[in-house]
Amino acid sequence: MKPTIALVGRPNVGKSTLFNRLTRSRDALVADQPGLTRDRHYGHGRMGSKPYLVIDTGGFEPVVDDGILWEMARQTLQAVDEADAIVFLVDGRSGLTPQDKLIANRLRQSQRPIFLVVNKAEGMSPAMAAAEFHELALGDPYALSASHGDGVRELIETVLERFPDATEEEASKHPKFAVIGRPNVGKSTLVNAILGEERVIAFDQAGTTRDSIYIDFEREDRNYTIIDTAGVRRRGKVNETIEKFSVIKTMQAIEDANVAVLVLDAQQDVSEQDATIAGFALEAGRALVVAVNKWDHLDNEQREKIHRDVARKLAFLDFAKFHYISALEGKGVGELFKSIDAAYNAAMSKLPTPKLTRLLQLAIERQQPPRIGLTRPKLRYAHQGGMNPPIIVIHGNSLDSVPDSYTRYLENLYRKAFQLQGTPLRVQYKSSVNPYEVEASGGKLSMLKQRAANKAEAKAREQAKEKEKLPVKARVPAKSKADGKVAAKPFGRPGAKPAAKTGGKAVAKNRTKR
Ligand SMILES: Nc1nc2c(ncn2[C@@H]2O[C@H](COP(=O)(O)OP(=O)(O)OP(=O)(O)O)[C@@H](O)[C@H]2O)c(=O)[nH]1
Ligand SMILES: Nc1nc2c(ncn2[C@@H]2O[C@H](COP(=O)(O)OP(=O)(O)OP(=O)(O)O)[C@@H](O)[C@H]2O)c(=O)[nH]1
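Note that the structure is predicted; figures quoted are calculated from it, not measured.

Participant: Quick one: what's the story with the pairing of strand E5 (residues 114-119), residue by residue and with numbers?
Facilitator: Extensive coverage of E5 is indicated by the burial of 6 of its 6 residues. Both faces of E5 are covered, namely the face carrying Ile114, Leu116 and Val118 and the face carrying Phe115, Val117 and Asn119. In this sheet, E5 lies alongside strand E4 (residues 85-91) in parallel orientation, the contact comprising 6 bridges. Residue pairing in the sheet places Phe88 in a bridge with Leu116 of E5. Relative to strand E6 (residues 142-143), E5 is paired through 2 bridges, and the arrangement is parallel. Bridge pairing in E6 links Val118 to Ala143. Following the backbone out of E5, through helix H4 (residues 126-131) and into the adjacent parallel E6, one traces a crossover that is right-handed.

Participant: Now, about the packing of helix H7 (residues 247-256) against helix H8 (residues 272-283): what can you tell me, with residues and values included?
Facilitator: Two numbers describe how H7 lies on H8: the axes approach to 9 Å, and their chain directions differ by 35 degrees. Handedness of the H7/H8 crossing: right-handed. Where H7 abuts H8, its residues Val247, Thr250, Met251 and Ile254 lie against Ile277, Phe280 and Ala281. For the contact of H7 with H8, the class distribution of residues is 6 nonpolar, 1 polar and no charged.

Participant: Describe unusual backbone geometry, and please don't skip the residues or the numbers.
Facilitator: With an omega dihedral of 5 degrees, the bond running from Asn388 to Pro389 counts as a cis peptide bond. With respect to the helices, strands and loops of the structure, Pro389 is situated in the loop between strand E14 (378-386) and strand E15 (391-397). Positive phi values are uncommon outside glycine, yet Ala137 reaches one of about 55 degrees. With respect to the helices and strands, Ala137 occurs in the loop between H4 and E6. On the basis of relative accessible area, Ala137 is assigned to the exposed category, the value being 55%. Notably, Gln419 is not glycine yet its phi reads approximately 50 degrees, a positive angle. With respect to the helices and strands, Gln419 occurs in the loop between helix H12 (404-418) and strand E16 (426-433).

Participant: Talk me through H12; I want residue IDs and the actual numbers.
Facilitator: An ideal rise of 1.5 Å per residue puts 21 Å on 15 residues; H12 measures up with 21 Å between its terminal C-alpha atoms. For H12, every residue scored as buried is listed here: Tyr406, Thr407, Tyr409, Leu410, Glu411, Leu413, Tyr414, Arg415 and Phe418. Downstream of H12 by a residue or two, Gln419 has a phi angle that is positive, lying close to 50 degrees.

Participant: A description of the nonpolar core should follow, citing residues and the corresponding values.
Facilitator: Counting residues in hydrophobic clusters, the biggest one holds 57 residues, and the most contacted among them are Phe88, Leu136, Leu262, Leu288, Leu314 and Leu317. Tallying contributions element by element places H8 first for this core, with 6 residues. Mapped onto the domain boundaries, this core takes at least three residues apiece from domain 1 (4-161) and domain 2 (176-347). Those residues in contact with Leu262, other than ones at most four positions away along the chain, are Ile180, Gly181, Ile277, Ala278, Leu288, Val289, Val290, Ala291 and Leu317.

Participant: Can you explain the side chain of Arg415? Please cite residues and give values.
Facilitator: Following the sequence through the fold, Arg415 ends up in helix H12. Among buried charged residues, Arg415 stands out as having no salt bridge; its nearest opposite-charge side chain is Glu411, 5.1 Å away. At 2.7 Å, the side chain of Arg415 and the backbone oxygen of Leu420 are in polar contact. Looking at Arg415, its side chain comes within polar contact range of the main-chain oxygen of Thr423, at 2.8 Å.

Conventions used here
- Residues numbered from 1 in each chain as written.
- Chains lettered and ligands numbered in written order.
- Predicted model: local features only at pLDDT ≥ 70, side-chain atom pairs only at ≥ 80, totals over all residues.
- Heavy atoms only, no water.
- Buried < 20%, exposed > 50% of the residue type's maximum accessible area, 1.4 Å probe, protein only.
- Helix = DSSP H or I, 4+ residues; strand = E, 2+ residues; numbered from the N terminus.
- Pairing = 2+ DSSP bridges.
- Right-handed = clockwise from strand over helix to strand, strands pointing away.
- Axes fitted to C-alpha atoms, helices over the stretch in contact; angles between N-to-C directions.
- Left-handed = near helix turned anticlockwise from the far one by under 90°.
- Contact = heavy atoms within 4.5 Å.
- Nonpolar A, V, L, I, M, F, W, Y, C, P; charged D, E, K, R; others polar.
- Expected span 1.5 Å × (residues − 1).
- Core = buried A, V, L, I, M, F, W, Y, C linked by side-chain atoms within 4.5 Å.
- Domains from an automatic or database assignment.
- Lys, Arg positive; Asp, Glu negative; His and termini not counted.
- Salt bridge = Lys/Arg side-chain N within 4 Å of Asp/Glu carboxyl O.
- Polar contact = N/O pair within 3.5 Å; in protein donor to acceptor, adjacent residues only side chain to side chain.

Everything listed is a geometric property; what it means functionally is a separate question.
Now the structure itself:
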């Protein structure tokens, strides 16, 4: 399970700046999708072989007791109680404030490990910057500069020390699906409807309120694991108070599943929270099935309306299959399983290199990528870069100028050819910048240099093939995309090689599309 790190501190200490640093590398994975609003408070990051989730809790005003600030404080406290580690930021330039002391007192009640961070410490000696914050009695403060990046890596390494390395993503041999959705949409009812008929093999009682419940069961001779994120087991319970919604629980469940089943309530409009949860699944690259629940007792007009609402607000889920079901009456549940199976198979598909490359050539024959200025991108060959979600890596030259529309054209073609229904699909580009190209543009390459260039290209292909054997996430490339507030120096995934070397000569540029 990925550890979750919560960033806490009074307003303006630099939480979003640090958040951007810790999550930047993953931004590349979800290129802007039409209609997808990304929640900038929750993000993914990775340090070497250790992936993590980060929450920016927003400004924490511990002294207010109502209104929006109180609501923010309530959410911050929930995150503090549910996170695996807390990074408490203070401002090294403005020094220790009474508010910092109040927050520190509240954090001390938490059972979670706390890391006190003195931000904005660039140009100061770490000992000087940290000195006055020892008073908070939260251990040795870490001095760093979120905007410059100094000390950030050391901090995150220390935070992650206590968590185990991500074992190679265990390719689950069967579908493991998380039932996710906002409160009251019918998640428990659906889980009960599914389990009511099936043979439950094992039942894992959740350790804390944050944890989901894992249930193994058999259906038509196939094994499944259901990850139940609904608040409490309600079988037989009548007057149940509504459990508060936990974003961390939902995100962890999505991460741990290989298919997400998003439950919506057909008797209500698609809400922002629905879209946000859908966005989490998409960002995690999970295969997805949507269950529009409570389809009973709706007249045609209401059904039309929800169809339109879904099409408009969840357009970015166009790869997923939608089911209109009634968990209460047990209708549509069997069909749902067909899509869960299909989505699982698609997410785990093995895509052979020769077929990927043949399809690429076919795509180019049908339609070339457009010329940008004097150059036309040259797409040479493709191989699979990962599973769950399937990643297709395309090698060639000048790939930075392939337009999004062409990437979508390729995606659609691959999706059709491999029947990848229900899973996101990612196309990434790797451009080889041939060091001889500059000279070549002035005249012909000498035979010798030409041979060296060919050798470099051949080696790149070999390496690409080798990489197919590596774990999925280790190969997701970083993209240094400065995010407004942050400096352009790349940070976040030092474990990932910034550029693959081809024969020690040619340099590769990475670019990622969803
Ligand atoms: N000098 C310096 N300024 C920084 C550093 N980190 C952040 N800042 C600046 O501090 C200000 C606040 O940064 P934010 O990241 O928005 O702070 P925040 O804690 O998220 O603020 P809220 O969203 O209000 O809670 C911005 O002007 C940043 O540019 C740093 O390491 N050094
Ligand atoms: N009409 C109708 N009502 C349903 C259906 N499924 C669930 N409900 C009702 O919706 C309410 C909420 O259902 P739950 O299964 O508790 O919802 P949940 O998503 O698990 O809720 P949380 O645990 O709070 O997240 C209950 O009153 C259910 O009886 C359905 O298919 N049709």
